[in-house]
Amino acid sequence: MYQNKLDKTFVDSNNYAYQKYMHDIHQYLFQIRSLAMNGDTERIISIIDEIEGAMRMEEIKNYTNDLLFNSILSEYLYKSVQHNVDFFTNIEDNINISFISDSDKISMFGNLLKNALEAATQCTDRGQIELRIYRGNRHYIVVELKNNYSGTLIQKKGKLISTKKDRGNHGLGLQIVSELAVKYGGELVVEEEEKGVFHIVLYLSSDANFG
């Protein structure tokens, strides 16, 4: 009973923080857009650093020729270091993800890596994340993501969803990625590769009609 009360307190506090963040996010975005139109990059950086934490320019690594994608991966490398999680990447040379819109890249890879980091951070052993991106053939890009986790996987209708304690929001990130996979003519496959290892395979087609 005492443990259940602790879990409920944990979930309620996290729900409140999430709701507060989402309540204000449109105001942040509007003001950031306004500052960008006026070229005030220093204040934009200051606002984002205050919200998310600072990452220096020299910490952005060159994984691909896509600057935005490099920034996304570098962000999660930075966060992994902060949480003592090992983050391994293996990205095929000259991989091209330019067919994915910038907003979809942020949503797709942000959700995948956020979920992986949250799960790996909670491991009793050292957390690990492994990301591979390669060409399946001349039409498809394959994104493989593995992370270890502690606890029990949540399932919905026989499908693996998440390891999160926050069951009110569980699976939302993966649902978003699944919908984006369909948009780009592919699919999202989620499985438990072995006990304690969460495995995601994302197939994306550069030939899809994105409409």
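Computed from a predicted structure; not experimentally measured. Every chain's residues receive numbers from 1 upward, in the order its sequence appears when written. Per-residue local features of the predicted model are confined to residues with pLDDT of at least 70, and side-chain atom pairs are confined, for both listing and counting, to 80 or more; whole-chain, interface and lining totals are unaffected and use all residues. To get the side-chain values, take all heavy atoms of the structure and skip hydrogens and water.

Attention now goes to the packing of helix α4 (residues 102-121) against helix α5 (residues 172-183). Only C-alpha atoms enter the line fits that serve as axes; for helices the fit covers just the stretch in contact. Angles between N-to-C directions range over 0 to 180 degrees. Helix and strand labels come from DSSP, where a helix needs a run of H or I of at least four residues and a strand needs a run of E of at least two; each type is numbered from the N terminus. It is the contact of α4 with α5, at a shortest axis distance of 9 Å, that shows an interaxial angle of 140°. Taken together, the axes of α4 and α5 are oblique relative to one another. As for the relative orientation of α4 and α5, their crossing is left-handed in sense. For the pair α4 and α5, contact is made by Asp104, Ser107, Met108, Asn111, Leu112 and Asn115 and by Gly173, Leu174, Ile176, Val177, Leu180 and Lys183, respectively. For this classification, the nonpolar set comprises Ala, Val, Leu, Ile, Met, Phe, Trp, Tyr, Cys and Pro, the charged set comprises Asp, Glu, Lys and Arg, and every other residue, Gly included, is treated as polar. The residue makeup of the contact of α4 with α5, split by class, is six nonpolar, four polar and two charged. Any angle from 65 to 115 degrees is called roughly perpendicular, while one under 35 is roughly parallel, one over 145 is roughly antiparallel, and all others are oblique. Throughout, a crossing is termed right-handed when the near helix is turned clockwise from the far one, and left-handed when it is turned anticlockwise from it by less than a right angle. The contact criterion used throughout is that any non-hydrogen atoms of two residues lie within 4.5 Å.

Residues with a pLDDT of 70 or more make up 71% of the chain, whose mean pLDDT is 79. Per-element mean pLDDT across the chain ranges from 54 in strand β5 (residues 159-162) up to 96 in strand β2 (residues 128-135). Known as pLDDT, the predictor's confidence for each residue is given on a scale from 0 to 100. For residues 1-11, every residue scores under 50 in pLDDT, and the model assigns this stretch four contacts once sequence neighbours within four places are set aside. The low-confidence segment residues 166-170, where pLDDT is below 50, has eight contacts with residues more than four positions distant or belonging to other chains.

A word on the nonpolar core. With 37 residues, the main nonpolar core has Ile100, Met108, Phe109, Ile129, Ile133, Leu145 and Leu202 as its most contacted residues. Residue contacts for Ile133: discarding those within four places in its chain leaves Phe69, Asn90, Ile91, Glu92, Ile95, Phe109, Ile141, Val142 and Val143. The definition of a nonpolar core used throughout is a set of buried Ala, Val, Leu, Ile, Met, Phe, Trp, Tyr and Cys residues joined through side-chain atoms within 4.5 Å. Each residue is assigned to one of three classes by its accessible area relative to the maximum for its type, calculated with a 1.4 Å probe on protein chains only: buried under 20%, partly exposed between the two thresholds, exposed over 50%.

The next subject is unusual backbone geometry. Positive phi, close to 60°, is recorded for Asn84, a residue that is not glycine. As for its position among the elements, Asn84 is in the loop between α3 (67-82) and β1 (86-91). You will see that Asn94, though not glycine, has its phi angle at about 60°, which is positive.

Our focus in this paragraph is the pairing of strand β7 (residues 197-205). Most of β7 is tucked away: eight of the nine residues are buried. Pairing between two strands requires that DSSP report at least two bridges joining them. Where strand β3 (residues 140-148) meets β7, nine bridges bridge the pair, whose relative direction is antiparallel. Within the sheet, the bridge partner assigned to Asn148 lies in β7 and is Val197.

Below, the discussion takes up the environment of Ser71. With respect to the helices, strands and loops of the structure, Ser71 is situated in helix α3. On the accessibility criterion, Ser71 (25% relative accessible area) is partly exposed. Sequence separation between Ser71 and Lys61 is ten residues, and the spatial gap between their C-alpha atoms is 7.5 Å.

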